[in-house]
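Spelled out from the first residue to the last, the chains are:
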Amino acid sequence: YDIRLYPVKDFGPIIHEFDPWFNYRAAQYLADNGLTRFFQWYDYMSWYPLGRPVGTTIYPGMQMTSVAIWHVLKGISPQTYKIPKYVLRWLGLPKDTKEIAGFKLPEWLQKLEVPFGGKRTFEPMSVNDVCVYTSAWFGSVATVFLALLAAEVSGSWNAGVIGGAMFSIMPAHIMRSVAGEYDNECVAVAAICSTFFFYLRSLRSPGSWPWGVLAGLSYAYMVAAWGGFIFVLNLIGIHAAFMVVIGRYSSSLYKAYTLFFTIGTFGAVQVPVVGWNPFKSMEQLGPLVVFLVYQLLELCDSLRRRAEKKKKPMTTTEFVTLRVKVFAACLVLLAGLVVLLWPTGYFGPISSRIRGLFVKHTKTGNPLVDSVAEHQPASDRAFFHYMHNACYLAFPGFVVCFFHRTPGAWFMILYALVAYHFSTKMSRLIIICGPIVSVLGGVVLGTVVDWAMEAVFGLLGETKEKKPEAPKRSGGMGSIKRGVGRIVGPVLVAEEWRDLQKFRRTAPGMVLQLAVALGIAGLGFDQARPLVTEYVQHCDRNARGLSNPQIVFMHRMQNGQNAIIDDYLKAYEWLRDNTPEDARVMAWWDYGYQITGVGNRTTIADGNTWNHEHIATLGRCLTAPEQRAWNAIRHLADYVLVWAGGHGDDLAKSPHMARIGNSVFPDICGDDDPTCSKFGFYQGGEPTPMMAKSLLYKLHSHNIKPDVKANPKWFTEAHTSKHGLVRIFKVQNVSIESKEWVADPKNRICDKPGSWYCVGQYPPALQPLIAKRKNFAQLEDFNRKGAEKSAYTKYIEKNQGQGV
């Protein structure tokens, strides 16, 4: 837990990066207005002038969790206690400082009011502080469930402890669970681990299926927390289907999966952003099909059990015939239903992000998605960076799972294959590799420890308890597998191996095993100690590196001293303190969350990517020549904010701005230049003519580069941060008419009279520009008729051999 608090110790309780600021703002709105108004919140401070329905377009689980914790802590009255120095040292806390922890000290600690103690005040926490600490709290919760998952899979608490220890400090987990990293994944990883644990716990024995209830509830929370629930749903669906294929289907498995799917799906459809997608989305139909297959399998089994009760048992041939008839009839009905619904557009398309996980190339054909670094493939170096020496244990653990052959072991094998494949396609998904690598590492090391301890306990006369076995079934894959096993088994498993297993159970065998185990333990300890030390040091370094909030960060100055650079934070605070409350700020979409979250000002776009055409319009404004840009911006914004001074500033991102704009406004770069190579810099750093004329270049380099100035008739410098990382310009001669037109509720389009869902419109003066836009058709839009693909999309298709 302490490793997750580095950012709080260095920078204080501050929200990190971009998306977490939106999440915090949503949590604050929920705390201030309640759940009903939250789900009816149409935010006109973002995506100006259109606005955005926030409560129905986000996964609100994290915000609901944080606000629930905040409400609980509100009931605690502030209390101050004296605490002994040795207790402070044990807790790792400094003395004589105010520590906000949000919980009441136990009575035994309250009585320790001795003169040599430090003073602590425990009081309720603000929404900001709860949001900051939520990621660290749930990082610890995820570690606990990971340990339980590893123990469940292997049947070894040693594996659980080792796996949990690795996972607790692994950078793949830390990167989303340091304090302040208030992003959906910070609670979602805990939900992933808990869902998998409860699901596998429900499969432990024939009587364990009621645990499926908790698996369904945990999955429902996962759905509310993160869009990555699709991974959880499909992995469990794949596992359930795989269990049928290998002949491990049973009534207890049916009950467990049915409970999980029914309860989980019922909870999922309650989340507004998900709705009825579990029955419509191509990404979620697979587990639904598995659910239907399970119902048919159980129907056939119930008919067989009924026949047995009537003392007219079915023969294997009759049972197989029954299954063929039932499945054939249902297949015909299902095919007819698909034929009827497909032309209506009932089935939703696969999103560009999901599609990118299944294609060979690294581009999706959507320049907006392709511009995000997290959507690029992960390299071998990235795997080692985020999981370090634990990577080397993954493959041995993977092999050991084949020897366990339990439902949990098969699940981990499937998890490893799926996680590795998808994370190589998208670096962001390395986060789902953290749990499986930790489990596999725990399994292989736990197996070695268990093998050594087995000899000790065997000599003491203790024996393992035999797990209850499910009754053998006939007429399915299990029968086929047993038949093949009787033929192939004697060939694959030599008689000598069987004799060796018998020898292990004798006293001499156990003594020999103990001697070998002690040798392995001694050698392993000597060899493993430096590797463990290296792993811990690597994790600690990365935790400190991941602790920079980015909105402020630590920088080593020329004099060798570290300094906190807070240009971004101070610039947004300047907006809050020095601009009118109704000021509108244009900036590239990355910064929108921080502008509204810190600056409390209206922004043109933010980190959400729901409206490609609107972001393309923003890209056109920033990459256009100065006067042409002003002609549009004066109807949309009062200020323009740009990142400058290096550190991944707007010039570094400018090619993406041009490509995204060109995908909707082909006149920016032209169809003959789909990657907008003409908008950039020559090899020596000289800007191309198109770049030199652009508004972005002039604002970025205003009075910095020779002969580069913004025209004061259109834009005047209002603020430049201390180190020049942020520059803010005031738009001249803003169209008051357009501003008032957009602000008038009469000009919004509501879905029905008196509704809260009212979409803003572009002002009339911008309609000629908006009319030039082309609807963007990305590669997966097979339900969209008549939409023309952009030059960039065609370029990607051509390069990847998908078309011309």
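In what follows, the accompanying structure is described. (Residues numbered from 1 in each chain as written. Predicted model: local features only at pLDDT ≥ 70, side-chain atom pairs only at ≥ 80, totals over all residues. Heavy atoms only, no water.)

### Details of the sheet that holds strand β8 (residues 602-603)
Paired through their backbone hydrogen bonds, the strands of a sheet run either parallel or antiparallel.
Here's step 1: Reading across the sheet, the five strands line up as β8-β7-β9-β11-β10 and stay open at both edges, with mixed pairing between neighbours. In this open sheet, the two edge strands, each paired with only one partner strand, are β8 and β10 (715-720).
Here's step 2: As paired elements, strand β7 (residues 584-586) and strand β9 (residues 639-643) share two bridges and run parallel to each other. Bridging from a neighbouring strand, Met 586 pairs with Val 640 of β9.
Here's step 3: Here helix α24 (residues 567-578) sits on the sheet and contacts β7, β9, β10 and β11 (726-731); the angle it forms with β11, its principal contact strand, is near 20°. (Pairing = 2+ DSSP bridges. Helix = DSSP H or I, 4+ residues; strand = E, 2+ residues; numbered from the N terminus. Contact = heavy atoms within 4.5 Å. Axes fitted to C-alpha atoms, helices over the stretch in contact; angles between N-to-C directions.)

### Regarding the pattern of salt bridges
Here's step 1: Enumeration over the complete set of coordinates arrives at 15 salt bridges.
Here's step 2: Between Asp 638 and Arg 584 there is a salt bridge, with the nearest N and O atoms lying 3.1 Å from each other. On the criterion of sequence distance, the pair formed by Asp 638 in the loop between α27 (626-633) and β9 and Arg 584 in strand β7 is long-range, its members being 54 residues apart.
Here's step 3: You can call Asp 638 buried: its relative accessible area is 9%.
Here's step 4: For Arg 584, a relative accessible area of 2% puts it in the buried group.
Here's step 5: Linking Asp 590 and Lys 653 is a salt bridge whose minimum nitrogen-to-oxygen distance equals 3.3 Å. Remark: Lys 653 occurs in helix α28 (residues 650-662) and Asp 590 occurs in the loop between β7 and α25 (592-597); sequence separation between them is 63 residues.
Here's step 6: A relative accessible area of 17% places Lys 653 in the buried class.
Here's step 7: Taken together, the shared-partner salt bridges in this structure form one network comprising Asp 582, Arg 584, Asp 638 and Lys 739. (Salt bridge = Lys/Arg side-chain N within 4 Å of Asp/Glu carboxyl O. Buried < 20%, exposed > 50% of the residue type's maximum accessible area, 1.4 Å probe, protein only.)

### Some remarks on the side chain of Arg 601
Here's step 1: Inspection of the secondary structure puts Arg 601 in the loop between α25 and β8.
Here's step 2: Summary of buried charges: Arg 601 has no salt-bridge partner, and the nearest side chain of opposite charge, Glu 581, is 5.9 Å away.
Here's step 3: At 2.8 Å, the side chain of Arg 601 forms a polar contact with the backbone oxygen of Arg 576.
Here's step 4: From its side chain, Arg 601 meets the backbone oxygen of Thr 579 in a polar contact 2.9 Å long.
Here's step 5: If we ignore the near neighbours within four places in the chain, the residues touching Arg 601 are Met 45, Leu 575, Arg 576, Thr 579, Pro 580, Glu 581, Ala 583, Val 585, Ile 595 and Thr 596. (Lys, Arg positive; Asp, Glu negative; His and termini not counted. Polar contact = N/O pair within 3.5 Å; in protein donor to acceptor, adjacent residues only side chain to side chain.)

### Remarks on unusual backbone geometry
Here's step 1: Omega for the bond connecting Tyr 48 with Pro 49 falls within 30 degrees of zero, at 0°, which places this linkage in the cis form.
Here's step 2: Inspection of the secondary structure puts Pro 49 in the loop between β1 (42-43) and β2 (52-53).
Here's step 3: Look at Asn 733: it is not a glycine, yet its phi comes out positive at around 55°.
Here's step 4: Position of Asn 733 among the secondary structure elements: in the loop between β11 and α31 (736-743).
Here's step 5: Among the residues examined, Asn 733 registers a relative accessible area of 51% and is labelled exposed.

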